[in-house]
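# Architecture and fold: a report
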Amino acid sequence: MLTLILCAILLAPPCIQALDLPDLPDLPAYHGDLAEFDNLLHLPSGEGPDRMVLGDNNGRIHIYEARDGGSYTEVWVSEYLEGSVGGVFVVDINDDELDEIVAYTDQGRIYYLDIMDYTLIWSNSPNEYKRITSLTIGDIDDDEQPELVFCADGRLIVYDGRDQYEQWRSDQTDLTAHQILIGDVDGDGEDEIVLNDGYIFDARFFDLEWQSPEPFGERMGLLDLDEDQVLEVIGEFQGRYLRIFDIDLRREKSLSR
């Protein structure tokens, strides 16, 4: 079973930060493979056609709708969003019981878009951050609304998703993570914020729990590989090589028996 899991991770297509397809006329139906892309997601369709949202390297959001024959046709494109789109999310970010499209760019901009008519709901100030290298969304303080957790200008930032203000920023000023995950990786019953450049922060109180002497890879996943009820960090290096990190023991994990 372990061999099959690792093979599945290894053979999965690499994750992308920005997909440069601004003039794409038809988009194939990827279905389950979409989980591998940061910038390409299905939208809730309701009673209408199947839809996808795509963020491109030229700073625009595109909406595609399914057509007969399995192809997708572009039905809407945004104005320029100031920087390459680093990721898109579909989540109820402002606690109004409706999903929104959330996108961020490498030039420090964050945008909320209406999921039905794609109008702009909110964006942060153009000068608030110069650069965002990674961003994820999750409820890390059990208040039933999600937070934006991201690396900007060398710091880890926790941002209130509903009221749009900065809740906390790290003392560290050299953080350049390109992926952030949230999960209980040390078995203490509380989530941690895992940065792929080797930092582990407590997700509730934001204490720095551990700084690994080496990064966790270009891409990460969380999985309990040894059935000890504690998630391991699986790091992918150079697009294919996997290493396993045991965060509660603060070392790389050997899978040899």
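Let us look at the structure shown here.

Cut-offs applied
- Residues numbered from 1 in each chain as written.
- Predicted model: local features only at pLDDT ≥ 70, side-chain atom pairs only at ≥ 80, totals over all residues.
- Heavy atoms only, no water.
- Pairing = 2+ DSSP bridges.
- Helix = DSSP H or I, 4+ residues; strand = E, 2+ residues; numbered from the N terminus.
- Axes fitted to C-alpha atoms, helices over the stretch in contact; angles between N-to-C directions.
- Buried < 20%, exposed > 50% of the residue type's maximum accessible area, 1.4 Å probe, protein only.
- Phe/Tyr/Trp six-rings, centres within 6.5 Å; stacked < 30°, edge-to-face > 60°.
- Lys NZ or Arg CZ within 6 Å of the ring centre and 35° of its normal.

## Examining the sheet that holds strand E15 (residues 199-202)
Strand order in the open sheet made by the four strands is E13-E14-E15-E16, with antiparallel pairing throughout. The open sheet is flanked by strand E13 (180-183) and strand E16 (208-211), the only strands paired with a single partner. If you compare each strand with its neighbour and ignore which way they point, the axes differ by 20° on average.

## Let's talk about the environment of Arg251
As for its placement among the helices and strands, Arg251 is situated in strand E20 (residues 251-252). A sequence separation of 38 residues divides Arg251 from Pro213, and the C-alpha atoms of the two residues are 9.5 Å apart.

## With respect to the pairing of strand E10 (residues 147-152)
Here is the key point about a regular strand: its side chains alternate between the two faces of the sheet. Counted residue by residue, E10 has six buried out of six residues, so it is predominantly covered. Where burial is concerned, the two faces of E10 agree: the one with Glu147, Val149 and Cys151 and the one with Leu148, Phe150 and Ala152 are both buried. In terms of strand pairing, strand E9 (residues 132-138) meets E10 through six bridges, oriented antiparallel. Its bridge partner lying in E10, Leu135 is registered against Phe150. In this structure, E10 lies alongside strand E11 (residues 155-160), joined through six bridges in antiparallel fashion.

## With respect to the packing of aromatic side chains
Per the counting criterion, the structure on display carries eleven aromatic pairs. Ring geometry for Trp76 and Tyr118: centres 5.1 Å apart, planes at 35°, overall tilted. Placement of Trp76 in strand E4 (residues 72-77) and of Tyr118 in the loop between strand E7 (110-114) and strand E8 (120-123) is noted, with a sequence separation of 42 residues between them. We classify Trp76 as partly exposed; its relative accessible area is 23%. Look at Tyr118 and you get buried, because its relative accessible area is 10%. These aromatic residues form a ring-pair network of at least three members: Tyr112, Trp122, Tyr129, Phe150 and Tyr159. We note Arg243 situated over the ring of Phe237; from NZ or CZ to the ring centre the distance is 5.0 Å.

## Description of the sheet that holds strand E12 (residues 166-169)
What the four strands build is an open sheet, ordered E9-E10-E11-E12; its pairing is antiparallel. Each edge of the open sheet carries a strand with a single partner, namely E9 and E12. With strand direction ignored, the average angle separating the axes of adjacent strands in the sheet is 20°.

## Brief notes about the environment of Asp171
Looking at where Asp171 falls in the secondary structure, it is placed in the loop between E12 and E13. Taking C-alpha positions, Asp171 is 9.7 Å from Leu208, a pair spaced 37 residues apart along the chain.

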